[in-house]
Number of protein chains: 2
Amino acid sequence: MADSTPTTCDADGTCYCPLASVLDTLSGKYAMGVLSIVDAHGPVRFAEIERRLPSASASTVSTRLKELRETGLLVRTQYDEIPPRVEYELTDDGKDVRGRLDPLLDWVTETER
Amino acid sequence: MADSTPTTCDADGTCYCPLASVLDTLSGKYAMGVLSIVDAHGPVRFAEIERRLPSASASTVSTRLKELRETGLLVRTQYDEIPPRVEYELTDDGKDVRGRLDPLLDWVTETER
DNA sequence: CAGGATCCTTATAGATACTG
DNA sequence: CAGTATCTATAAGGATCCTG
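Predicted model, so just to flag it, every value in this text is computed and none were measured.

Residues and elements named next belong to chain A. Contact geometry of helix H2 (residues 31–41) with helix H4 (residues 58–70) gives a least axis separation of 10 Å together with a crossing angle of 75 degrees. Overall, the two elements H2 and H4 adopt an arrangement that is roughly perpendicular. Residues Ala31, Val34 and Leu35 of H2 pack against Arg64, Leu65 and Leu68 of H4. In terms of residue class, the contact of H2 with H4 is built from five nonpolar, no polar and one charged.

Pasting the structure below:
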């Protein structure tokens with residue numbers, strides 16, 4: 001991910017950033033799902049995210065969480081207990097982006113069901 | 001593309017459709033770029049889309065156009081002239097989806113520039 | 001519990017060459 | 001002009017095993 005696709009701009013001033021970091025991150029498999037789950041149920045633990053995304057493997061959930069963290073859309077909080085507990089929740093940016101996904105997700109549910 | 005990822009629903013009624021057809025289509029590289037170009041400059045010819053996406057190969061543009069057509073977001077019109085001329089433009093669904101991308105794309109431009 | 005490391009398979013994109 | 005077919009390279013995801 002985070003490839004080298006440049007932002008391309010036209011002579012007329014129109015610009016396209018097809019894979020700018022956030023869009024890039026969101027394009028990962030289950031990224032929107034993870035974002036939605038953490039939004040709806042956060043603070044939420046790893047196992048619960050996994051449980052709510054049965055078709056995603058643990059390593060995929062892990063990768064998505066890492067990317068979303070690196071993009072600044074969510075934060076990880078670790079509690080030093082035994083057994084260890086970790087919770088995820090959205091940052092303000094994460095909530096912002098999540099909200100901006102609504103029109104699109106609405107379209108999908110309106111259309112597909 | 002169009003993999004077998006199922007729609008997953010929680011006991012509490014919340015549903016996630018991470019890769020429903022439209023989102024799936026939009027996740028292709030340059031898909032949003034092609035959609036934006038056809039929206040902004042349509043009816044537009046193949047060569048012009050290519051010109052406006054210098055970093056995408058012709059075969060990728062071709063693939064994206066095909067997928068967007070199959071998802072019903074744009075239409076292809078062929079004129080039987082010599083040399084041949086083909087034009088692409090958005091369907092009503094395409095315009096709808098394109099509009100729903102705005103909040104997200106706005107966020108990107110607000111943030112990255 | 002939370003996940004990193006590894007290996008493997010599949011998806012996806014790019015290059016090149018060629019057609020209606 | 002507007003593609004498509006084919007091939008290759010790479011990226012992304014999944015399964016499994018292992019650890020702090």
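So much for the structure itself; the text now carries on.
To continue, consider the pattern of salt bridges. Inspection of the entire model under this criterion finds 16 salt bridges over all chains. In this structure, B:Arg98 and B:Asp102 form a salt bridge, with 3.0 Å as the shortest nitrogen-oxygen distance. Taken as a pair, B:Arg98 and B:Asp102 lie in helix H5 (residues 92–112) at a separation of four residues, close to a single helical turn. Since its relative accessible area comes to 31%, B:Asp102 is described here as partly exposed. One connected set of salt bridges, linked through shared partners, spans A:Asp39, A:Arg98 and A:Asp102.

Core analysis: the biggest nonpolar cluster contains 54 residues, and A:Ile49 and B:Ile49 have the highest contact counts within it. Excluding residues within four positions of it along the chain, B:Ile49 makes contact with B:Val34, B:Ile37, B:Val38, B:Val44, B:Val61, B:Leu65 and B:Tyr88.

Calculation criteria
- Residues numbered from 1 in each chain as written.
- Chains lettered and ligands numbered in written order.
- Predicted model: local features only at pLDDT ≥ 70, side-chain atom pairs only at ≥ 80, totals over all residues.
- Heavy atoms only, no water.
- Axes fitted to C-alpha atoms, helices over the stretch in contact; angles between N-to-C directions.
- Helix = DSSP H or I, 4+ residues; strand = E, 2+ residues; numbered from the N terminus.
- Parallel < 35°, antiparallel > 145°, perpendicular 65-115°, else oblique.
- Contact = heavy atoms within 4.5 Å.
- Nonpolar A, V, L, I, M, F, W, Y, C, P; charged D, E, K, R; others polar.
- Salt bridge = Lys/Arg side-chain N within 4 Å of Asp/Glu carboxyl O.
- Buried < 20%, exposed > 50% of the residue type's maximum accessible area, 1.4 Å probe, protein only.
- Core = buried A, V, L, I, M, F, W, Y, C linked by side-chain atoms within 4.5 Å.

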